[in-house]
Amino acid sequence: MSTAAVAPGPKGVPLLGSLGSWRGNTAEFLLGLQRDYGDVVRMRLGPMTVHQVTGPDAVHQVLVKNHGNYVRGPLYEQFGVVMGKGLLTSDGEFWRGHRRAVQPVFLKNAVLDIIPNVVRATHEMLDEWEVKAQRGEPVDLMAEMLKLTLVTLSRSLFAYDIKPSSRVLKLIVDDVVEVMFRRGTASEMLPSWLPTDRKRKITRIHQVFDKIVADVRGSHARTGEGPLISLMEQAEDPATGQPWTDQQIRDELLTIYLAGHETTAVSLCWTLLSIANHPSVQEELDSEVERVLGGGPPDAENADALAYTQRVVDESLRMHPPIWIFPRAAAGPDTLDGYAIEAGSSVLLSPLVSHHNPRYWDNPLAFDPSRFTPSAVRERPRMAYFPFGAGPRQCVGNSMALLELRTIVAMINQRFKVSMIPGHALRYGSPVISLRPLKDVMVRLTSRERVVWTSPDRAPATGETSAAEALSCPVTGGTGQQA
Ligand code: HEM
């Protein structure tokens, strides 16, 4: 019998517990729990007992030290409706075998191979932006970043041009989010043989995704290209020695598409908005980009030297971590920061809440890349910051995402100044999977005055936004309110 204390937390109401507050502004609710009750908070969400765990020692215990005790649990199982059984949704030997099989493509040196694809895809986008900038047309930043990261990922890992499918993918994205998250609606409780709207959506999602999987595999069969699809086609089940089944390849391929592109796009969006809103950051970034890239494209040699750009990205991932909460289920009992965690209860990790804890982050709502100088990083507990998770289940695409983020941010800044269009307020949306802005983020683009590297068929452009214009719509408050 554990003698550890029961963690403090809100009482909630009979039967539902704190489900009402959770369903309101979830981000605000969880930030408030940390403020009011501390680093380990106990609450009930309907029938589930959930602990929000945000202190660095306790996070370390869950993700690293005692990770074997914390399995995926029911919340992740729900993702399986769309993704099937892949890296994100599986545990144990199955997960270990699959992680080992795909890992080589994601190692720090191996991901440098994606740079030419990042450069090409970004370049194509920026050429389109040039036309829009000249016409004074605004751009939907989130939509552009989603397209860019999808194309980059698909070309880099699967040698597959997904651009023609991006329109149909856009049409089903809301359905994907909806079916992956049970909301306790009546239709979810109907007998499984009834043809509900939810089931029709699931069937349609499967049809669209299965066609993409078939196309990727068909393209690979013809060309033999695509480092990750090659690994998947050659992978064997360590238990049986048999090749992965069609289902396993399908599930893993979809997992990578779904886990890899939206997260990176969300982060790009917040990073560019934060730069637009902080002229001193913009200035320092400009000078580094000019010094390191000298007007040319990023490559495997110079990408690592974009140290300040990386700090800007790191700070953006602190303030707006795209995966802002993720769950675990406690298989056995444990004690976190002196509080009892009983077997079968859920644990909720929240990078968003941990990254705003005033005990470790001075003035947490301020955007300040200097928090990520090597000496500042050394002074903080490591687990005060974990945008990619930690331990054996740390994001497999971590190095790829960081490389992509700093090269794309640098390239956009070489050619354009991005500024929010006044009147476009920015708030966190009801953050379901990733921490997206609430509405479309419309930005104005201004071609940079200085001549930079351009595609061979494009003439250099001129023009500059005034600092006043760049500042006219302050954004990027960290807590879900309009800043
Ligand atoms: C800024 C971009 C990204 C962020 C913030 C992010 C965040 C995360 C987080 C927090 C986890 C851990 C979840 C947990 O422990 O429960 C995770 C896992 C994962 N991520 Fe990412 N991710 C990003 C980009 C990518 C990319 C580019 C890929 C692949 C191309 C990717 C593929 C995955 C996969 C497959 C997992 C599951 C790993 C496992 O359990 O073995 N992610 N990601």
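Keep in mind that what you see is a predicted model, and the values were worked out from it rather than measured.

*Asks:* Talk me through the overall build of the protein chain; I want residue IDs and the actual numbers.
*Replies:* Looking only at helices and strands, the protein chain features 18 helices and ten strands. When the 483 residues of the protein chain are sorted by exposure, 55% land in the buried category. When contacts within the protein chain are restricted to residue pairs at least 6 apart in sequence, long-range pairs at least 24 apart make up 74% of them. With an accessible surface of roughly 21000 Å², the protein chain has 55% of that area assigned to carbon and sulfur atoms.

*Asks:* Just give me the short version of unusual backbone geometry, but keep the residues and values in it.
*Replies:* Although it is not a glycine, Ala159 sits at a positive phi angle of roughly 50°. With respect to the helices, strands and loops of the structure, Ala159 is situated in the loop between α8 (141–158) and α9 (166–180). With phi around 50°, Asp337 is a residue other than glycine that occupies positive phi space. Looking at the secondary structure, you find Asp337 in the loop between β6 (334–336) and β7 (339–341). For Asp337, a relative accessible area of 39% puts it in the partly exposed group.

*Asks:* Could you give an account of the sheet that holds strand β9 (residues 416–420), with specific residues and numbers?
*Replies:* With antiparallel pairing, three strands are arranged side by side in an open sheet as β4-β10-β9. On the outer flanks of this sheet lie β4 (139–140) and β9, each paired with one strand and no other. Here β9 pairs with strand β10 (residues 442–447) via five bridges, running antiparallel. Bridge pairing links Phe416 to Ser447 in β10. Lying over the sheet, helix α17 (residues 398–415) contacts β9 and β10, oriented at roughly 95° with respect to β9.

*Asks:* Describe helix α7 (residues 115–135), naming the residues involved and giving the relevant values.
*Replies:* Between its first and last C-alpha atoms α7 spans 30 Å; for 21 residues at 1.5 Å apiece the expected length is 30 Å, and the two agree. Ile115, Asn117, Val118, Val119, Ala121, Thr122, His123, Met125, Leu126, Trp129, Glu130 and Ala133 are the residues of α7 that are buried. Those residues of α7 that are buried are in contact with β4, α8, α17, β9 and β10. One or two steps after α7, the chain reaches Gly136, where phi turns positive at roughly 75°.

*Asks:* Can you lay out the nonpolar core for me, pointing to particular residues and giving the numbers?
*Replies:* One finds Trp129, Met145, Phe158 and Tyr257 to be the most contacted residues of the largest nonpolar core, which totals 115 residues. Here this core gets 13 residues from one element, more than from any other, and that element is helix α12 (residues 246–277). In this structure Tyr257 touches Leu150, Leu153, Ser154, Phe158, Tyr160, Ile162, Ile212 and Val216, once residues within four positions along its chain are discounted. Judged by nonpolar contacts, the second largest core, of 16 residues, contains Leu31, Leu33, Trp324 and Val353.

*Asks:* Just give me the short version of a nonpolar patch on the surface, but keep the residues and values in it.
*Replies:* A grouping of Val13, Leu15 and Leu16 is seen on the molecular surface, where their side chains present a nonpolar patch of about 320 Å² in accessible area. Structurally, Val13 is set in the segment before α1 (19–23). Judged by its relative accessible area of 44%, Val13 falls in the partly exposed class.

*Asks:* A description of the site of the ligand should follow, citing residues and the corresponding values.
*Replies:* Around the ligand sit 26 residues, and of these Tyr76, Trp95, Arg99, Arg328 and Cys395 come closest. At 3.4 Å from an oxygen atom of the ligand is found a main-chain nitrogen or oxygen belonging to Leu87. For the ligand, an oxygen atom lies 2.7 Å from a polar atom in the side chain of Trp95. Among the elements of the structure, α6 (92–106), α8, α12 and β5 (326–330) are those that each provide at least two residues to the shell around the ligand. Take the shell around the ligand: its biggest share by element is five residues, from α12. A breakdown of the residues in the shell around the ligand according to their chemical character gives 17 nonpolar, five polar and four charged.

*Asks:* Lay out the coordination of the iron atom of the ligand with the relevant residues and their values.
*Replies:* Inspection of the coordination sphere of the iron atom of the ligand shows a single protein donor, Cys395 (SG), at 2.3 Å. Here Cys395 is to be found in the loop between α16 (374–379) and α17.

*Asks:* Would you mind going over the packing of helix α10 (residues 197–223) against helix α11 (residues 227–234) in detail, with residue names and values included?
*Replies:* Two quantities define a packed helix pair, namely the angle between the axes and the distance from one axis to the other. It is at 10 Å that the axes of α10 and α11 come closest, and there the two elements cross at 90°. If you check the angle between α10 and α11, you find them roughly perpendicular. Where α10 abuts α11, its residues Val216, Arg217 and His220 lie against Ile229, Ser230 and Glu233. Split into classes, the residues belonging to the contact of α10 with α11 amount to two nonpolar, two polar and two charged.

Thresholds, definitions, all that
Residues numbered from 1 in each chain as written. Predicted model: local features only at pLDDT ≥ 70, side-chain atom pairs only at ≥ 80, totals over all residues. Heavy atoms only, no water. Helix = DSSP H or I, 4+ residues; strand = E, 2+ residues; numbered from the N terminus. Buried < 20%, exposed > 50% of the residue type's maximum accessible area, 1.4 Å probe, protein only. Contact = heavy atoms within 4.5 Å. Areas by Shrake-Rupley, 256 points an atom, 1.4 Å probe, with all protein chains shown as cover. Pairing = 2+ DSSP bridges. Axes fitted to C-alpha atoms, helices over the stretch in contact; angles between N-to-C directions. Expected span 1.5 Å × (residues − 1). Core = buried A, V, L, I, M, F, W, Y, C linked by side-chain atoms within 4.5 Å. Patch = residues over 30% accessible without salt bridge, like charges linked within 9 Å, V, L, I, M, F, W, Y side chains within 5 Å. Salt bridge = Lys/Arg side-chain N within 4 Å of Asp/Glu carboxyl O. Near = heavy atom within 4 Å. Polar contact = N/O pair within 3.5 Å; in protein donor to acceptor, adjacent residues only side chain to side chain. Nonpolar A, V, L, I, M, F, W, Y, C, P; charged D, E, K, R; others polar. Donors = N, O, S within 2.8 Å, 3.2 Å for Na, K, Ca; no water. Parallel < 35°, antiparallel > 145°, perpendicular 65-115°, else oblique.

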